[in-house]
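In case you want the letters, here they are:
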Amino acid sequence: MITRTSLTTRRSFFGVAGAGSLGLLADRLPELGSSAQLLAGQPVAEHVLPDLPYAYDALEPHLDAATLRLHHQKHHGGALRGLNRTESQLAENAEKGDFSKSRELCRALAYYGSSHELHSIFWTNMKADGGGSAEGELAKRIAEDFGSLSAFEQLFVAACNTAPASGWGMLAYHPGFDRLQVLQVADHENGVVMGTVPLLACDVWEHAYYLKYQNRRADWVKVFMAELVNWNDVAARYARAKG
Ligand code: MN3
């Protein structure tokens, strides 16, 4: 589920010479707000905090600017620093031939890498005047895989409302199974089907909503669905995952 992040990492192995081979992909990624920020001529890829596609106060009153700023800069930013630190430690240890910290570092890679990926998706999954329902191909597919748009929405909301306290609700597409799935993510990296591609992620960690909604997670999820979801972004992610 951290495919694009993995590509960024692979980039560092290709070095500058590899820039051309990934150029096409790099050109396509930023428009979907992916975490992969591939910079031409940069020999070692360091993950970069993506800018939000809107101002911090753009989602008011549904998502307040203070929460959004803290969430983006401190929480997502912190995960990013953790990911970069973990990757350099792995590289440093490999160079020294020291694998004694592999357990911690492999876990940290999954945790921070998944946090970076999910937050990057989450920001672009929202927009001012969002909400409503899926349309077009995605709507058809949702109806096929979940019974109806309404059944999907009820399942997604229930998944968000009952996910672990540090967790996410997620709509994903599994290319191998050719199925849409609603999943509950614990922390950032547990509870998913391997190989699945996240399309819509709702952050239900308390830091995502507590300043405005306090303990009322269900109110946050309701507003996320009714006012914030950018279904065009979700549909574009589905089209790309389906190929
Ligand atoms: Mn978060």
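Preceding block: the structure.
### A closer look at the overall build of the protein
- Scanning the protein for helices and strands turns up 9 helices and 3 strands.
- Element order for the protein, N to C, with α for helix and β for strand: α-α-α-α-α-α-β-β-β-α-α-α.
- Within the span of the protein, comprising 243 residues, buried residues form 47% of the whole.
- Nonlocal contacts in the protein, meaning residues at least 24 apart in sequence, comprise 70% of its contacts between residues at least 6 apart.
- Accessible surface, the protein as shown: approximately 11500 Å² in total, 54% of it carbon and sulfur.

### Here's the deal with the pattern of salt bridges
- Under the defined criterion, the tally for this structure stands at 7 salt bridges.
- Its salt-bridge partner being Asp145, residue Arg141 comes within 3.2 Å of it at the nearest N-O pair. Placement of the pair is Arg141 and Asp145 together in helix 5 (residues 136–146), with a separation of 4 residues, close to one helical turn.
- Asp233 is the partner of Arg237 in a salt bridge, and the nearest nitrogen-oxygen pair spans 3.0 Å. With Arg237 and Asp233 both in helix 9 (residues 231–242), this residue pair falls 4 residues apart, about one helical turn.
- Residue Arg237 is classed as buried on the basis of its relative accessible area of 4%.
- The class for Asp233 is buried, based on a relative accessible area of 7%.
- Each of the salt bridges in this network shares a partner with another, and the network as a whole consists of Arg141, Asp145, Asp178 and Lys242.

### So, the side chain of Gln181
- Among the structural elements, Gln181 can be located in strand 2 (residues 179–186).
- A distance of 2.9 Å separates polar atoms of two side chains, one belonging to Gln181 and the other to Thr196.
- Aside from chain neighbours lying at most four places away, what touches Gln181 is Phe146, Met170, Leu171, Ala172, His174, Val193 and Thr196.

### A closer look at the nonpolar core
- The biggest cluster of nonpolar side chains holds 52 residues, and the ones touching the most others in it are Met126, Ile142, Phe156, Leu171, Trp220, Phe224 and Trp231.
- No other element matches helix 8 (residues 217–228), which puts 6 residues into this core.
- Contact partners of Ile142, with chain neighbours within four places excluded, come to Ala134, Gly147, Ser148, Leu149, Phe152, Leu171, Leu180 and Trp231.

### Topic: the coordination of the manganese ion
- Protein coordination of the manganese ion is provided by His71 (NE2), His119 (NE2), Asp203 (OD) and His207 (NE2), with donor distances spanning 2.0 to 2.2 Å.
- Considered as a linear motif, the donors of the manganese ion on their single chain read H-x47-H-x83-D-x3-H. Here His119, found in helix 4 (residues 102–124), pairs with Asp203, found in strand 3 (residues 197–203); they are 84 residues apart in sequence, far enough to count as distant. Side by side, His119 and Asp203 carry an identical accessibility label, which is buried.

### Remarks on unusual backbone geometry
- The omega torsion of the bond from Glu60 to Pro61 falls at 0 degrees, within 30 degrees of zero and hence cis.
- With respect to the helices, strands and loops of the structure, Pro61 is situated in the loop between helix 2 (23–28) and helix 3 (65–96).
- At Asp178, a residue that is not glycine, the phi angle is positive and equals roughly 50 degrees.
- Looking at where Asp178 falls in the secondary structure, it is placed in the loop between strand 1 (167–174) and strand 2.
- For Asp187, which is not glycine, the phi torsion reads 55 degrees and is therefore positive.

What counts, and at which threshold
Residues numbered from 1 in each chain as written. Predicted model: local features only at pLDDT ≥ 70, side-chain atom pairs only at ≥ 80, totals over all residues. Heavy atoms only, no water. Helix = DSSP H or I, 4+ residues; strand = E, 2+ residues; numbered from the N terminus. Buried < 20%, exposed > 50% of the residue type's maximum accessible area, 1.4 Å probe, protein only. Contact = heavy atoms within 4.5 Å. Areas by Shrake-Rupley, 256 points an atom, 1.4 Å probe, with all protein chains shown as cover. Salt bridge = Lys/Arg side-chain N within 4 Å of Asp/Glu carboxyl O. Polar contact = N/O pair within 3.5 Å; in protein donor to acceptor, adjacent residues only side chain to side chain. Core = buried A, V, L, I, M, F, W, Y, C linked by side-chain atoms within 4.5 Å. Donors = N, O, S within 2.8 Å, 3.2 Å for Na, K, Ca; no water.

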